[in-house]
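Chain by chain, the residues run as shown.
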Amino acid sequence: MHAITEAALNQSDKIAIIASGKSFSYKTLLQASQQFATHLLDGRNDLDGARVAFMVDPGFDYVKVQWGIWQAGAVAVPLCVTHPLPSLQYVLEDTGATILVISPQYHDLLAAHALEHSIQLIVVDRLPETTVVVLPQLDSQRNAMILYTSGTTNKPKGVVTTHANIAAQINSITSAWQYAPTDHALCVLPLHHVHGIINVVSATLSIGGTVEFVASFSVEDIFSRFLKGNINVFMAVPTIYFKLIAGFELLDVEAKQQLKNAMKKFRLMVCGSAALPVSVMQQWEQVSGHVLLERYGMTEIGMGISNPYIGFRKPGAIGTPLPGVEVRLVDENMQPVITGEAGEIQIKGENVFKEYWNKPDATANEFTSDGWFKTGDVAVVEEGYYRILGRSSVDIIKSGGYKLSALEIEEVLRSHDLVDDCAVVGIADEEWGELVVAAVVAKAGLEQHQLNQWMRTQMPTYKTPRKYLMVKELPRNAMGKVVKNEIKTMFQ
Ligand code: MLC
Ligand code: AMP
């Protein structure tokens, strides 16, 4: 049995999940997930690593389906509930998913694709009760999940983690940040990335805490949940704290005081997935009384480096290696740098993913010959704390906590009939961390708003450029390569 579901056995009547105004105990969750696993198995003994994609809204059904997939011996492939069809099709095709589980509202979007590709479509709330069968024994080295991440290749890559990887990622943070059964976490993050899936949902449930879900991101909704007084753990990306601070400023004096009182009782507030500006950290302390715990992670590694739970949380720094995670900084020759010098962060440990799905070359490229994972992030150690300096590739953009590939966005832009060429970059932005912008060489007649609307049918909203600049040609160096820094300057 999976470590997370095992923990559920000991909790029984305790509330595991609160969503859509309802509470669900661990017993209910475990039984529902075992029933779901039985449906998936459909008479077979073990799904033997078949990929099961699921597009299910955050809440009870999401966790039931995820646990059900694991207990049936399959690999969970969570799909983003706001992605347009082309992005979903890419993941379905790349993983070769044979089963697709959906919330009813996604039926019209995905039914035709499922039919055409002989994918079994299961609508999550339309299953009859069944008697639970004996579920397969799972070896911890088996594949458990595939999450898609953008990188320096133009298409996102599937990051495969085993059950052992996930357990290591969970154990590292539950011990470092002292998760406890009394934790009541509010989940406001999307559930196709590690921040929401591992840190908020899986880690909290692994320890017997309660996870409360919001239907979609809304500052008002988050504040109203805080005011109820039950929530005591909150984790988010810097953009969300920025938005919460802006929302707080709009409240009257009395409402501010009530919210401050509610937040004072929290055990922990964590920030990560992108650099936390010192100004946001300071303003949040004024608002909530909490010094945010900033940590560093990645889809491929879960969490790697963190400021301490107890002790000094250094503004602008990401802290020290988490338990079970080995970290080194190296130069271009893969030699460890001396303290105080900048180097690429490389990671080793059970937390590190197994491989990129069906991409042995990409996997080999991202590991050194002696097994260190190359993150592409550059850092320095100062006074014992790691501080991120930047990334080795200008083509990786972090916006709203999402990692985006400039190359992927360019490829889609270029597929528009009236676009001859383009270059995409990220420019610094207080709210979003970086803002995606594009310089475009277009044929006559292409209006920016048309291009913008078209892009939103091709890519998730958060990947589409926020600003376009129509140019006659792109700045290139003597080798003919686009000079991305010049493009950045054109937007400033
Ligand atoms: C959305 N908008 C953006 C944008 N995304 N504008 C600029 N840049 C972006 N990146 C605009 C939309 O176009 C829309 O405007 C408006 O914002 C609202 O859009 P939305 O889609 O409803 O956004 P919202 O729900 O408000 O989302 C904001 C957010 C979201 C911050 C809640 O981006 C989010 O959940 N981010 C977290 C991502 C995450 O979990 N990352 C972790 C990866 S794992 P208009 O005008 O079009 O209406 C990882 C490892 C680790 O990184 O360390 O954790
Ligand atoms: P993802 O591929 O979406 O998992 O994003 C991982 C990337 O997010 C890392 O490689 C870093 O570039 C970035 N990141 C995560 N946490 C932090 C942080 N605290 N500070 C700066 N960058 C971060």
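Structure: see above.
Everything in this summary refers to the structure shown in the same document. (Residues numbered from 1 in each chain as written. Chains lettered and ligands numbered in written order. Predicted model: local features only at pLDDT ≥ 70, side-chain atom pairs only at ≥ 80, totals over all residues. Heavy atoms only, no water.)

Surveying the vicinity of ligand 1 reveals 25 residues, the closest of which are Ser273, Arg295, Lys398, Ser399 and Arg466. Lys398 is positioned such that a nitrogen or oxygen atom in its side chain is 2.7 Å from an oxygen atom of ligand 1. In this structure, Gly401 approaches ligand 1 through a main-chain N or O atom, which is 2.9 Å from a nitrogen atom. Surface burial for ligand 1 is 74%, taken as the share of its 1,100 Å² of free accessible area covered by protein chains. Among the elements of the structure, helix 7 (194–206), helix 9 (238–249), strand 13 (293–298) and strand 21 (396–399) are those that each provide at least two residues to the shell around ligand 1. (Near = heavy atom within 4 Å. Polar contact = N/O pair within 3.5 Å; in protein donor to acceptor, adjacent residues only side chain to side chain. Areas by Shrake-Rupley, 256 points an atom, 1.4 Å probe, with all protein chains shown as cover. Helix = DSSP H or I, 4+ residues; strand = E, 2+ residues; numbered from the N terminus.)

Two side chains that carry opposite charge are able to pair once their charged atoms sit near each other. Applying the stated criterion to the full structure yields 18 salt bridges. In this structure, the salt-bridge partner of Asp46 is Arg142, at a minimum N-O distance of 2.9 Å. Taken together, the residues Asp46 in the loop between helix 2 (26–41) and strand 3 (51–55) and Arg142 in the loop between strand 6 (120–123) and strand 7 (143–149) connect sequence positions 96 residues apart. (Salt bridge = Lys/Arg side-chain N within 4 Å of Asp/Glu carboxyl O.)

Let us now look at the packing of aromatic side chains. Scanning the model with the defined rule gives 15 aromatic pairs in all. Ring centres of Phe226 and Phe234 lie 5.1 Å apart, and the angle between their planes is 85°; this geometry places the pair in the edge-to-face category. Phe226 sits in the buried class, given a relative accessible area of 0%. Phe234 sits in the buried class, given a relative accessible area of 0%. Centroid distance Phe353 to Phe373: 5.3 Å. Interplanar angle 80°. Geometry classified as edge-to-face. One end of the pair, Phe353, is in the loop between strand 17 (343–348) and strand 18 (355–356); the other, Phe373, is in strand 19 (residues 373–382), with 20 residues separating them in the sequence. In this structure Phe353 comes out as buried when scored by relative accessible area, which is 3%. Look at Phe373 and you get buried, because its relative accessible area is 0%. (Phe/Tyr/Trp six-rings, centres within 6.5 Å; stacked < 30°, edge-to-face > 60°. Buried < 20%, exposed > 50% of the residue type's maximum accessible area, 1.4 Å probe, protein only.)

Across the sheet, 9 strands lie side by side as 2-1-10-9-11-12-13-14-15; this open sheet has mixed pairing. Each edge of the sheet is formed by a strand with only one pairing partner; in this case those strands are strand 2 (22–25) and strand 15 (320–321). As paired elements, strand 1 (residues 15–19) and strand 10 (residues 210–213) share 2 bridges and run parallel to each other. Pairing of Ile18 across the sheet is with Glu212, part of strand 10. (Pairing = 2+ DSSP bridges.)

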